[in-house]
Amino acid sequence: MLYYSSFLVAMFAAILMIPPLTFAYQKLGIFDMPSPRKVHKTPVPRVGGIAIVIASVIPVFIWINISMGLMGILLGMALLFVLGIIDDIKNLNYKVKFLIQIAAIFLVFSFGFIDTSQAYYVSQALLPTILLGGIYLLFILGVTNAVNLADGLDGLAGGEALLSFSIIGLLAYESSNITVLTIVLAVMGAVFGFLRFNTYPARIFMGDTGSLFLGFMLGLLSVALTYGEASAYAKTLPLLLVGLPVFDTLMVIIVRLIKKQSPFTADRNHLHHRLLDRGLKHYQSVLVIYVVQGIFVLSAYFMRYQLDATVVLAFVVISFIALLIGLIPWQQVLELKLLSCINDTLFSSIRYFAARFNTMLFAIASLCIVIYAILAAWVPVSISNDIFLLLSGVAIMGILFLLFLRNKPCNWLERVAIHVLIVLSIYMGVMFGEQDTQYLNNAQAILIVTCFILIGLMLLSRTKQKFSGSPLDFLLVVIAFFVPNLPGSPISDPGLSYLALKLIALFYCVEFILFNLDRRWWVVRLAIISCASVPVILSITS
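Everything numeric in this text was worked out from a predicted model, so none of it was measured. (Residues numbered from 1 in each chain as written. Predicted model: local features only at pLDDT ≥ 70, side-chain atom pairs only at ≥ 80, totals over all residues. Heavy atoms only, no water.)

Is there a simple way to explain the overall build of the protein in this structure?
Helix and strand counts for the protein stand at 23 helices and 2 strands. Sequence-distant contacts in the protein: of pairs separated by 6 or more residues, those separated by 24 or more amount to 79%. Only carbon and sulfur atoms are counted for the fraction: they give 69% of the accessible area of the protein, which is about 24,800 Å². (Helix = DSSP H or I, 4+ residues; strand = E, 2+ residues; numbered from the N terminus. Contact = heavy atoms within 4.5 Å. Areas by Shrake-Rupley, 256 points an atom, 1.4 Å probe, with all protein chains shown as cover.)

What follows is the structure in structure tokens.
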């Protein structure tokens, strides 16, 4: 339960903080302004990084004992946090940024979270402590800035980080590294909450505050997972765990040096720039990069026990594949008649049906969510006091909003309440798993499948929706379903993927409904009251 809590608390904290932060930055006029080398055309607030950092730290303070090593990480994070905020406002010189980043890494080393004197290469007398410490410092510094430079498209840096952290978390679980696992899940939850606001077209950016933090944590945790003599993992595995950002940065630096330019000169030589220039759309470029990053991190999982030289060779080979992908004339490829089958009669018919009955699809989705929540509440088990109070608060809040804001659109507090209800519904559904209520499990499974079908149909409809599909949807399903079920995965619970898919299905149905509902908001509020009141009433009467 600790792991679920770390993820969910960070996710909800990020979602709660982003709207007020966005409002504050808009009032202060702090935006990421358009430029010739940037993709966005209008000013966008750079507030996501603040929410990501604060949301990631909250579960750490709640569930982890603050040791000296962890204190070093927190101090380093605080230093980078201040650096990121100032840089997002004033655009600091790269030399100043490097010095502060090095100071943050030194804090981690000096507090002992990474002790190079206990590292494998030192204990085997292959490298002296100072030299190995310098290598680790350069690697973490490089990854910190690589993720910062990779943040060029909506959802790109956050999605790449999610893929890397998912495998780091899996390996941390396998090696019983609870500290790393809890931190990873907290960061993943915060990034997930942020990405819902950052997918194309993005309403906010993470800014340097977020990208420097993600790069710092990626480099740091990948090294922490592998460096010690007790770790059985290949010591060069961080190259694959980070993957594409490292290759992309190395490629750009090499190109600039060949052109006799400064390595710190801004240009359009990053992989995402190359994909856009060769004919891919924004979301297509992001999806291609997700696939390449997925190859890197999956290779890290399958090669975690291989020789260091083998891991380095794999990194070189995958990097060469990524280089070729950036050279493909995508515009000509997409124009091939063989790939135009997407417009065939069957697909067009499905799209027509989805658009024609769009309102009905929303109604069915709403009904599925309400029925699921009520079925989950119909449990012959008493609920705990904290859940009882939480549900009571949500029900009272729903009544007040129904009385005073009957037909006004749902505000951010109600959105959070709905998502909390869904999480509690799934939690209560797990509670009766041991009871003799298999028919309820089957009914809920049918509702979840129906939700996925509805999501697919609503994505296919060509209506002007405020909420639509994105590469993030593909990414979340891949992480939720495939990562826990990899061959040899240490996660033995087969129901974990099912729980994650239930969360995704219900969350996305809610978002489709709320983002596209134009009137009759009183129905949503009535549904909130019903879903929250049923378990409270049943608990009292039992």
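Once the structure has been displayed, the description carries forward.
Whenever I open this one, the side chain of Ser166 confuses me. Can you help?
Relative to the helices and strands, Ser166 resides in helix 7 (residues 156-174). Judged by relative accessible area, Ser166 falls into the buried class, the value being 7%. At 2.6 Å, the side chain of Ser166 forms a polar contact with the backbone oxygen of Leu163. Beyond its immediate sequence surroundings of up to four residues, Ser166 is in contact with Met188, Ile479 and Val483. (Buried < 20%, exposed > 50% of the residue type's maximum accessible area, 1.4 Å probe, protein only. Polar contact = N/O pair within 3.5 Å; in protein donor to acceptor, adjacent residues only side chain to side chain.)

What is the right way to look at helix 11 (residues 244-258) in this model?
An α-helical turn contains 3.6 residues, so any two residues separated by three or four positions project in the same direction. With 15 residues, helix 11 extends 21 Å from end C-alpha to end C-alpha; this agrees with the ideal 21 Å at 1.5 Å per step. All of the buried residues in helix 11 are Leu244, Pro245, Val246, Phe247, Asp248, Thr249, Met251, Val252, Val255 and Arg256. Contacts made by the buried residues of helix 11 are with helix 6 (129-150), helix 7, helix 10 (238-242), helix 12 (271-277), helix 13 (282-302) and helix 14 (308-327). At the C-terminal side of helix 11, Lys260 shows a positive phi close to 60 degrees. (Expected span 1.5 Å × (residues − 1).)

Explanation requested: the packing of aromatic side chains in the structure shown.
In this description, a pair of aromatic rings is defined by centroid distance and the angle of the planes. On inspection of all chains with the given rule, the structure shows 7 aromatic pairs. With a centroid separation of 6.5 Å and an interplanar angle of 85 degrees, the aromatic rings of Tyr136 and Tyr227 are classed as edge-to-face. Linking Tyr136 in helix 6 with Tyr227 in the loop between helix 9 (207-226) and helix 10, this pair joins segments that are 91 residues apart in sequence. As far as the burial class goes, Tyr136 and Tyr227 line up, both buried. Plain terms: the ring middles of Phe296 and Phe315 are 5.7 Å apart, the flat faces sit at 45 degrees to each other, and that makes the pair tilted. Of this pair, Phe296 sits in helix 13 while Phe315 sits in helix 14; the two residues are 19 residues apart in sequence, bridging distant segments of the chain. The same class applies to Phe296 as to Phe315, namely buried. Here the guanidinium or amino end of Arg304 rests over the ring plane of Tyr301, the centre of that ring lying 4.1 Å away. (Phe/Tyr/Trp six-rings, centres within 6.5 Å; stacked < 30°, edge-to-face > 60°. Lys NZ or Arg CZ within 6 Å of the ring centre and 35° of its normal.)

Before we go on, may I ask you to explain the packing of helix 2 (residues 48-63) against helix 9 in this structure?
Any two packed helices are characterised by the angle at which their axes cross and by the distance between the axes. At a minimum axis separation of 6 Å, helix 2 and helix 9 run at an interaxial angle of 45 degrees. If you check the angle between helix 2 and helix 9, you find them oblique. Note on element contacts: helix 9 touches helix 2 through Thr209, Gly210, Phe213 and Leu214, opposite Gly49, Ile50, Ile52, Val53 and Ser56. A class-by-class count of the residues in the contact of helix 2 with helix 9 yields 5 nonpolar, 4 polar and no charged. (Axes fitted to C-alpha atoms, helices over the stretch in contact; angles between N-to-C directions. Parallel < 35°, antiparallel > 145°, perpendicular 65-115°, else oblique. Nonpolar A, V, L, I, M, F, W, Y, C, P; charged D, E, K, R; others polar.)

Is there a simple way to think about the environment of Val370 in this case?
Here Val370 lies in helix 17 (residues 358-377). Once the C-alpha coordinates of Val370 and Ala527 are considered, the two residues, 157 residues apart in sequence, prove to be 6.6 Å apart. With residues near it in sequence (within four places) discarded, Val370 still touches Ala527 and Cys531.

Can you walk me through unusual backbone geometry in this structure?
In this structure, Asn91 is a non-glycine residue whose phi angle is positive, near 55 degrees. Position of Asn91 relative to the elements: it lies in the loop between helix 3 (68-90) and helix 4 (94-110). Of note, the phi angle at Ser176 is positive, near 60 degrees, even though the residue is not glycine. Along the chain, Ser176 turns up in the loop between helix 7 and helix 8 (178-198). Assessed through its relative accessible area of 55%, Ser176 is described here as exposed.

Would you mind showing me how to read the pattern of salt bridges here?
Two side chains bearing opposite charge may form a pair once their charged atoms approach each other closely. With the rule as written, the count across this model stands at 4 salt bridges. Here Arg304 and Glu174 are joined by a salt bridge, their closest N and O atoms 3.1 Å apart. With Arg304 in the loop between helix 13 and helix 14 and Glu174 in helix 7, this residue pair connects regions lying 130 residues apart in the sequence. The exposure class assigned to Glu174 is partly exposed, which follows from its relative accessible area of 23%. With a closest N to O distance of 2.7 Å, Glu414 and Arg525 form a salt bridge. Separated by 111 residues along the polypeptide, Glu414 in helix 19 (residues 412-431) and Arg525 in helix 23 (residues 521-541) bring together distant segments of the chain. A relative accessible area of 0% means that Arg525 is categorised as buried. A single salt-bridge network, built from bridges that share partners, covers Asp87, Lys97 and Asp208. (Salt bridge = Lys/Arg side-chain N within 4 Å of Asp/Glu carboxyl O.)

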